[in-house]
Amino acid sequence: DAMVIQNPRYQVTQFGKPVTLSCSQTLNHNVMYWYQQKSSQAPKLLFHYYDKDFNNEADTPDNFQSRRPNTSFCFLDIRSPGLGDAAMYLCATSRDPPSASGLTDTQYFGPGTRLTVL
Amino acid sequence: GQQVMQIPQYQHVQEGEDFTTYCNSSTTLSNIQWYKQRPGGHPVFLIQLVKSGEVKKQKRLTFQFGEAKKNSSLHITATQTTDVGTYFCAGAGANSKLTFGKGITLSVRP
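What you see is a predicted model; the values in this text were computed from it and never measured.

Undergrad: Quick rundown of the pairing of strand β9 (residues 85-92) of chain B? Include the residues and the values.
TA: All names here are of chain B. Of all eight residues in β9, eight are buried, a share of seventy percent or more. Where strand β4 (residues 31-37) and β9 come together, seven bridges link them in antiparallel fashion. The partner of asparagine 31 across the bridge, within β9, is alanine 92. Bridge count between β9 and strand β11 (residues 104-109): three bridges; the pairing is antiparallel. Along β11, the bridge assignment pairs threonine 86 with threonine 105. Strand direction decides the pairing type here: β9 and strand β10 (residues 98-100), joined by three bridges, are antiparallel. Counterpart to glycine 91 in the pairing with β10 is threonine 99. Counting the residues that bridge the hairpin from β9 to β10 gives five residues, and of these serine 96 lies at a positive phi of roughly 65 degrees.

Structure below.
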């Protein structure tokens, strides 16, 4: 089945130790998103890739970086995790990017990676 | 910036009761989407509404987009225990980028 896969499902890291979260998709979608979701809060968009075009949200800290080496894979790098970065990180994909057409393509979410910072 | 509000964050109902929740935007939306996140799961797309006053139904779920395209509602008829989870609305502004509300977590007493 076509899907969005995130590895690992649970990640524990130490304060300040770089960590990389992985997302892959078999949907062949053009757009991949990274969201941060803290307990009882809405998913917050960090950035998205439309093909190889990187789009950062204005309030995303510099501590968060992303790489998309090919259509199928996208990585979230947290350079120096702080205690406040502990959260669920959700990867999502859509066929088309946000546009001015009035329609927003459906986003398909992966199961998420729960990050704990010690 | 654009804000999407869902109040309250939690609601408890008796199985068989109807349930309605609302989503309000600070700005006019181009469209609105609803997602459901089961406990321990990830958001799953339910529906998208685009037209002013639009109403869509999915079995026992009825979704409505307000006339001014600034609010939306989700109504569940005769709730079942399988309806438990968090329901997020996500509004898209002029650039079609989604802003998620905080969600409402529904619990159903059998």
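Undergrad: With reference to specific residues and values, describe the layout of surface pockets.
TA: Within this model, the largest pocket holds a volume of roughly 550 Å³. Considering the residues around the largest pocket, the lining is formed by 23 residues, among which Pro43, Lys44 and Leu45 of chain A together with Thr99 and Phe100 of chain B are closest to the centre. Of all the secondary structure elements, the ones that give two or more residues to the lining of the largest pocket are β5 (44-50) of chain A together with β1 (4-5) and β10 of chain B. Top contributing element to the lining of the largest pocket by residue count: β10 of chain B, with three residues. Split by residue class, the lining of the largest pocket holds nine nonpolar, eight polar and six charged. Its volume calculated, the second largest pocket comes out at about 430 Å³. Along its surface, the second largest pocket is lined by 24 residues, and Gln37, Ser40 and Arg114 of chain A together with Gln37 and Thr86 of chain B are the ones closest to its centre.

Undergrad: I'd like a description of the nonpolar core, backed by residues and values.
TA: Trp34, Phe63 and Tyr87 of chain B are the most contacted members of the largest nonpolar core, which has 20 residues in total. For this core, the secondary structure elements donating two or more residues are β3 (19-25), β4, β5 (44-49), β7 (61-65), β8 (71-76), β9 and β11 of chain B. When residues no more than four places from it in sequence are discounted, the contact partners of phenylalanine 63 of chain B are Trp34, Leu46, Ile47, Leu49, Glu54, Val55, Lys56, Gln58, Ser73 and Leu74 of chain B. In terms of nonpolar packing, the next biggest core, distinct from the first, is built from 18 residues, Val4, Val19, Tyr49 and Val117 of chain A among them.

Undergrad: Describe the state of the cysteines, and please don't skip the residues or the numbers.
TA: Residues and elements named next belong to chain A. Following the criterion strictly, the structure yields two disulfides over all chains and no others. With its sulfur 1.9 Å from that of its partner, cysteine 23 forms a disulfide with cysteine 91. Looking along the S-S bond of the cysteine 23-cysteine 91 disulfide, the torsion reads about -70 degrees, which is the left-handed sense. You can see cysteine 23 sitting in strand β3 (residues 19-25) and its partner cysteine 91 sitting in strand β9 (residues 87-94), a full 68 residues away along the chain.

Undergrad: Run through the sheet that holds β3 of chain B, naming residues and quoting values.
TA: All names here are of chain B. Read from one edge to the other, the open sheet built from five strands follows the order β1-β3-β8-β7-β6, with strand pairing classed as antiparallel. Pairing within the sheet leaves two strands with one partner each, and these edge strands are β1 and β6 (55-58). By the bridge criterion, two bridges tie β1 to β3 in an arrangement that is antiparallel. Bridging across to β3, valine 4 finds its partner in serine 25.

Undergrad: Could you give an account of the pairing of β3 of chain A, naming the residues involved and the relevant values?
TA: Residue and element names in this part refer to chain A. By the criterion of burial, β3 is predominantly enclosed, with six of the seven residues buried. In this structure, strand β1 (residues 4-7) lies alongside β3, joined through four bridges in antiparallel fashion. Residue pairing for β3: valine 4 is matched across the bridge by glutamine 25. Relative to strand β8 (residues 73-78), β3 runs antiparallel, the two sharing six bridges. If you follow leucine 21 over to β8, its bridge partner there is leucine 76.

Undergrad: Go over the sheet that holds β8 of chain A, please, and point to the residues and values.
TA: All names here are of chain A. Spatial ordering of the open sheet is given by β1-β3-β8-β7, a layout of four strands whose pairing is antiparallel. Of all strands in the sheet, those bounded by a partner on one side alone are β1 and β7 (64-67). Taken pair by pair, the neighbouring strands of this sheet meet at an average axis angle of 20 degrees, ignoring direction.

Criteria and thresholds
Residues numbered from 1 in each chain as written. Chains lettered and ligands numbered in written order. Predicted model: local features only at pLDDT ≥ 70, side-chain atom pairs only at ≥ 80, totals over all residues. Heavy atoms only, no water. Buried < 20%, exposed > 50% of the residue type's maximum accessible area, 1.4 Å probe, protein only. Helix = DSSP H or I, 4+ residues; strand = E, 2+ residues; numbered from the N terminus. Pairing = 2+ DSSP bridges. 1 Å grid on protein atoms, 1.4 Å probe; cavity = no way out; pocket = protein on both sides within 12 Å on 5 of 7 lines; lining within 4 Å. Points joined across faces, edges and corners; volume = space filled by probe spheres on them. Nonpolar A, V, L, I, M, F, W, Y, C, P; charged D, E, K, R; others polar. Core = buried A, V, L, I, M, F, W, Y, C linked by side-chain atoms within 4.5 Å. Contact = heavy atoms within 4.5 Å. Disulfide = S-S within 2.5 Å. Axes fitted to C-alpha atoms, helices over the stretch in contact; angles between N-to-C directions.

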